[in-house]
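Listed below are the residues making up each chain.
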Amino acid sequence: MGQKTHPIGLRLGIVKSWNSRWFEEAKYQQWLHEDLKLRAFLKRKLKQASISEITIERAANKVKINIFSARPGIIIGKRGAGVEALRRDVQKMVEAKVFLNIQEVRKAEVNAQLVAESIAQQLERRVAFRRALKRAVQTAMKFGAKGIRVNAAGRLGGAEMGRREWY
């Protein structure tokens, strides 16, 4: 078996913080499952908004959800109508009072999650995989990334045998 390290677990407390910031002994299981359902729901509902990260902070009867998006205008909608509708949907899933905070990701071309989703969308649209990978590397480096490595694996280009390519 390979000894792969978890990308977030390796950096926790050093350059990254926890995605869920709360402590609970009695309702731990309930809150954990709520967090997982909230993240899945928000990712599914806001697929077009280029969500890079969702952090959840809890106090006694408050849930503060920070959504980091490359396109916050899609979430907010006209005059904040989208945020209110989203808050109502989330409120149905959680017992506590919900506060939504939408923040913009300034350099989406350098964010790993957004680069990966962009490459995946291009592959779904049947763009040549080499072009998609090389373009992602070039744009990330142009926007000031210190380095980038991208992998694509599977039946690349419709080949009979699956393989892995990286740049």
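Just so it is clear, the model here is predicted, and its values are computed rather than measured.

(A) Spotlight on unusual backbone geometry. Positive phi values are uncommon outside glycine, yet Arg79 reaches one of about 55°. Relative to the assigned elements, Arg79 resides in the loop between α2 (72-76) and α3 (81-93). Assessed through its relative accessible area of 87%, Arg79 is described here as exposed. Unusually for a residue other than glycine, Arg126 sits at a positive phi of about 65°. Looking at where Arg126 falls in the secondary structure, it is placed in the loop between α4 (112-124) and α5 (129-142).

(B) Structural detail: the packing of aromatic side chains. Applying the stated rule across the entire model yields two aromatic pairs. Judged by centre distance (5.3 Å) and plane angle (85°), the rings of Trp22 and Trp31 are edge-to-face. Counting every residue linked through ring pairs, the aromatic cluster contains Trp22, Tyr28 and Trp31. In this arrangement the basic side chain of Lys97 is found over the ring face of Phe99, its NZ or CZ atom lying 5.5 Å from the centre. Between the NZ or CZ atom of Arg149 and the centre of the ring of Trp166, over which it lies, the distance is 4.7 Å.

(C) Representation of the sheet that holds strand β1 (residues 20-21). Read across the open sheet, the four strands follow the order β1-β2-β3-β4; overall the sheet is mixed. Strand pairing shows two members of the sheet lacking a second neighbour, β1 and β4 (97-104), which therefore form its edges. The sheet contact formed by strand β2 (residues 51-58) and strand β3 (residues 62-69) spans seven bridges and is antiparallel. Paired with Ile56 across the bridge in β3 is Ile65. Its contacts with the sheet place helix α1 (residues 28-45) against β1, β2 and β3, and it is angled at close to 150° to β2.

Rules and cut-offs
Residues numbered from 1 in each chain as written. Predicted model: local features only at pLDDT ≥ 70, side-chain atom pairs only at ≥ 80, totals over all residues. Heavy atoms only, no water. Helix = DSSP H or I, 4+ residues; strand = E, 2+ residues; numbered from the N terminus. Buried < 20%, exposed > 50% of the residue type's maximum accessible area, 1.4 Å probe, protein only. Phe/Tyr/Trp six-rings, centres within 6.5 Å; stacked < 30°, edge-to-face > 60°. Lys NZ or Arg CZ within 6 Å of the ring centre and 35° of its normal. Pairing = 2+ DSSP bridges. Contact = heavy atoms within 4.5 Å. Axes fitted to C-alpha atoms, helices over the stretch in contact; angles between N-to-C directions.

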